[in-house]
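Structural characterization, general
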Amino acid sequence: MKSAVETLSPTRVKLIVEVPFDELKPDLDAAYQTIGSQIQIPGFRKGKVPARIIDQRVGRGAVVQEAVNEALPRFFAEAVDAEGIKAIGAPDVDVTAVPLEDGQDLEFTVETDVRPEIELPELDGIAVEVDEVKATDEDIEERLTSLRQRFGTLTAVERAVETGDVLSIDLKAVIDGEDIDSVEGVTYEVGSGNMLVGLDDAVLGANAGDTKTFTAPLAGGDNEGQDADCTVTVQSVKVRELPELDDDFAQLASQFDTLEELRADIVTQAEQAKKFEQGVQARDKVLEHLLEVTEVAVPDGIVEAEVTSHLEGEGRLEDDTHRAEVNESTRKALKGQFLLDALAEKLEIEVEQPELIEYLIMSAQQYGMDPNQFAQAIDQQGQVPAMVQEVSRRKALAAVLEKAVVTDTAGKTIDLNELVPQADVVEPELEADLEELADEAAPTETEEPAKA
């Protein structure tokens, strides 16, 4: 097989491929076998029809098309490998010559998006500044209040709804007269904002038994982003009564005997959380610096496909303002991915089994899923290679971060090793169940060409 590459832009190339007849012949033989097993010719057993009879009955062109359809992905992959191309996305294939007679070659061209070549900047000693670690009185009180709420009691009240009340509500959503979703007896804390936009305004001032209507965009499901006519009925109104802050509460809510000891521990927790925020801030600023000083081209076709898919999911294809926002965020995300992939390649990053398992467990927690079920789901969806790639990107950025010079706004040099939280211990049974997934190969970025 011969191939040549023509650069169309920094992110797109054209491959010209010539396949000798001898290399395609096994695929032609297989195509005759496939077609021969599908047709019935009087005088011949099924699957034993000679090639010349198949040519007479269905045509040589049909056989060639079957062979080419099966062979194209393999020849395309071989050409990409031979030319050292990092192809991404769906390629556009044009078959320019087919062997309608023995001895003729197969010729085709492919236009495909590719990962851009990136000239990386100096990676040692990148200087970034982060916020100073300082747990405020508000941070301490917020944590204490959250702890008190966990041990609070709910008491029914007969009055209009106020912010902070805990309600039992029935909720229904309708679009164009069609019931989309409904729930009964769901608990909702007024002011939490964790359900529908406009729900708080609807229930504030209502009493138990009142029904209110409002319009809100749905937050999930097949109709995500679409405006729905919502009806909410307040079934009950309760107020959360918090326990007093004293030594008895400290003993109830913690291992400490006194409120003073509990408060000191909460201060420590708040400061540790701030330190973790410093680490996240340093990581993000290092990435922002790299993106600012590095030229990264982005394939327009990939951007357009992702933006359109996103807008279709939201039902907002005609929203030009939102399209511009999604376009900008998509380009930035792709630049970050390409840059981190280039870093991982330069630093020769390898993903170890325990690292992938840790990432799987962390991702499962974010989705509120059992780690085993989450791992099975991503395996069935073919997403394990993508997760391997994501871990590789994280490791690459972490390697650059280790060499960075990080100071806070007070001028103090930050030791990033102190900011990394200890990983949870993985149960042996869970680790064993996930090991097979952790052994998955690195991700394949190239999509197969569409069949001719």
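This is a predicted model, so every value here is computed, not measured.

On to the overall build of the protein chain. What the protein chain contains, in helices and strands, is 13 helices and 11 strands. The C-alpha extent of the protein chain, read off along each of the three principal axes, is 95 × 60 × 50 Å. The buried share of the protein chain, taken over its 452 residues, is 35%. Long-range contacts, defined here as pairs at least 24 residues apart, represent 68% of the contacts in the protein chain between residues at least 6 apart. Where the 39 positive side-chain charges of the protein chain centre and where its 100 negative ones centre are 5 Å apart.

Now for the side chain of Thr-294. Relative to the assigned elements, Thr-294 resides in the loop between α7 (259–293) and α8 (300–314). Residue classification places Thr-294 among the buried residues on the basis of a relative accessible area of 8%. Reaching out from Thr-294, the side chain makes a polar contact with the backbone oxygen of Leu-290 at a distance of 2.6 Å. Aside from chain neighbours lying at most four places away, what touches Thr-294 is Ile-118, Glu-119, Pro-121 and Leu-339.

Turning our eyes to something else, we now look at the packing of α7 against helix α9 (residues 320–346). Contact geometry of α7 with α9 gives a least axis separation of 10 Å together with a crossing angle of 95°. Looking at the two axes, α7 sits roughly perpendicular to α9. Residues Leu-287, Glu-288, Leu-290 and Leu-291 of α7 form the contact with α9, whose own contacting residues are Lys-332, Lys-335, Gly-336, Leu-339, Leu-340 and Leu-343. A per-class count over the contact of α7 with α9 returns 6 nonpolar, 1 polar and 3 charged.

Throughout the structure, instances matching the rule amount to 23 salt bridges. Two residues, Arg-263 and Glu-141, come together in a salt bridge whose shortest N-O distance is 3.3 Å. In this pair, Arg-263 sits in helix α7 while Glu-141 sits in helix α4 (residues 137–150), placing the two residues 122 residues apart along the sequence. Accessibility expressed as a relative area gives 30% for Arg-263, which makes it partly exposed. Relative accessible area serves as the criterion here: at 37%, Glu-141 is assigned to the partly exposed category. Overlapping salt bridges, with partners in common, bring together Arg-115, Asp-341, Glu-390, Arg-393 and Arg-394 in one network.

We now examine the confidence of the model for the protein chain. Detailed reading of the predicted coordinates is not advisable wherever pLDDT is low. When the pLDDT values of the protein chain are averaged, the result is 87; 92% of them are 70 or greater. The low-confidence segment residues 421–434 (pLDDT under 50) makes 17 contacts with residues lying over four places distant or belonging to another chain. Here residues 440–446 scores under 50 on pLDDT; set against residues more than four positions off or in separate chains, the count is 14 contacts.

We now examine the nonpolar core. Val-286, Leu-290, Leu-343 and Val-406 are the most contacted members of the largest nonpolar core, which has 33 residues in total. Those elements that place two or more of their residues in this core are β5 (127–130), α7, α8, α9 and α12 (384–402). The greatest single-element share of this core, amounting to 8 residues, is contributed by α9. Excluding its chain neighbours within four sequence positions, the residues that come into contact with Val-406 are Val-128, Val-130, Ala-282, Lys-412, Thr-413, Ile-414 and Leu-416.

Here the focus is helix α1 (residues 21–36). For α1, built from 16 residues, the straight-helix expectation of 22 Å at 1.5 Å per residue is met to within 8% by its first-to-last C-alpha distance of 21 Å. By the burial criterion, the buried members of α1 are Phe-21, Leu-24, Asp-27, Leu-28, Ala-31, Tyr-32, Ile-35 and Gly-36. Structurally, α1 contributes buried residues whose contacts are with β2 (12–19), α2 (51–57), α3 (60–83) and β4 (106–114).

Here the focus is the environment of Gln-33. On the secondary structure map, Gln-33 appears in helix α1. Owing to a relative accessible area of 55%, Gln-33 belongs among the exposed residues under this scheme. Residues Gln-33 and Ile-54, 21 residues apart in the sequence, show an inter-C-alpha distance of 9.9 Å.

The next subject is the sheet that holds β2. Strand-to-strand pairing in sheets goes through backbone hydrogen bonds, with the strands running parallel or antiparallel. Ordered in space as β1-β2-β4-β3, the 4 strands form an open sheet in which the pairing is antiparallel. Across the chains shown, the open sheet's two edge strands, defined by having one partner strand only, are β1 (2–9) and β3 (87–97). When the angles between neighbouring strand axes are averaged without regard to direction, this sheet yields 20°. Sheet topology places β1 next to β2; 7 bridges connect them, and they run antiparallel. Bridge pairing links Lys-2 to Glu-18 in β2.

The rules behind these values
- Residues numbered from 1 in each chain as written.
- Predicted model: local features only at pLDDT ≥ 70, side-chain atom pairs only at ≥ 80, totals over all residues.
- Heavy atoms only, no water.
- Helix = DSSP H or I, 4+ residues; strand = E, 2+ residues; numbered from the N terminus.
- Buried < 20%, exposed > 50% of the residue type's maximum accessible area, 1.4 Å probe, protein only.
- Contact = heavy atoms within 4.5 Å.
- Lys, Arg positive; Asp, Glu negative; His and termini not counted.
- Charge placed at Lys NZ, Arg CZ, Asp CG, Glu CD.
- Polar contact = N/O pair within 3.5 Å; in protein donor to acceptor, adjacent residues only side chain to side chain.
- Axes fitted to C-alpha atoms, helices over the stretch in contact; angles between N-to-C directions.
- Parallel < 35°, antiparallel > 145°, perpendicular 65-115°, else oblique.
- Nonpolar A, V, L, I, M, F, W, Y, C, P; charged D, E, K, R; others polar.
- Salt bridge = Lys/Arg side-chain N within 4 Å of Asp/Glu carboxyl O.
- pLDDT = per-residue confidence, 0-100.
- Core = buried A, V, L, I, M, F, W, Y, C linked by side-chain atoms within 4.5 Å.
- Expected span 1.5 Å × (residues − 1).
- Pairing = 2+ DSSP bridges.

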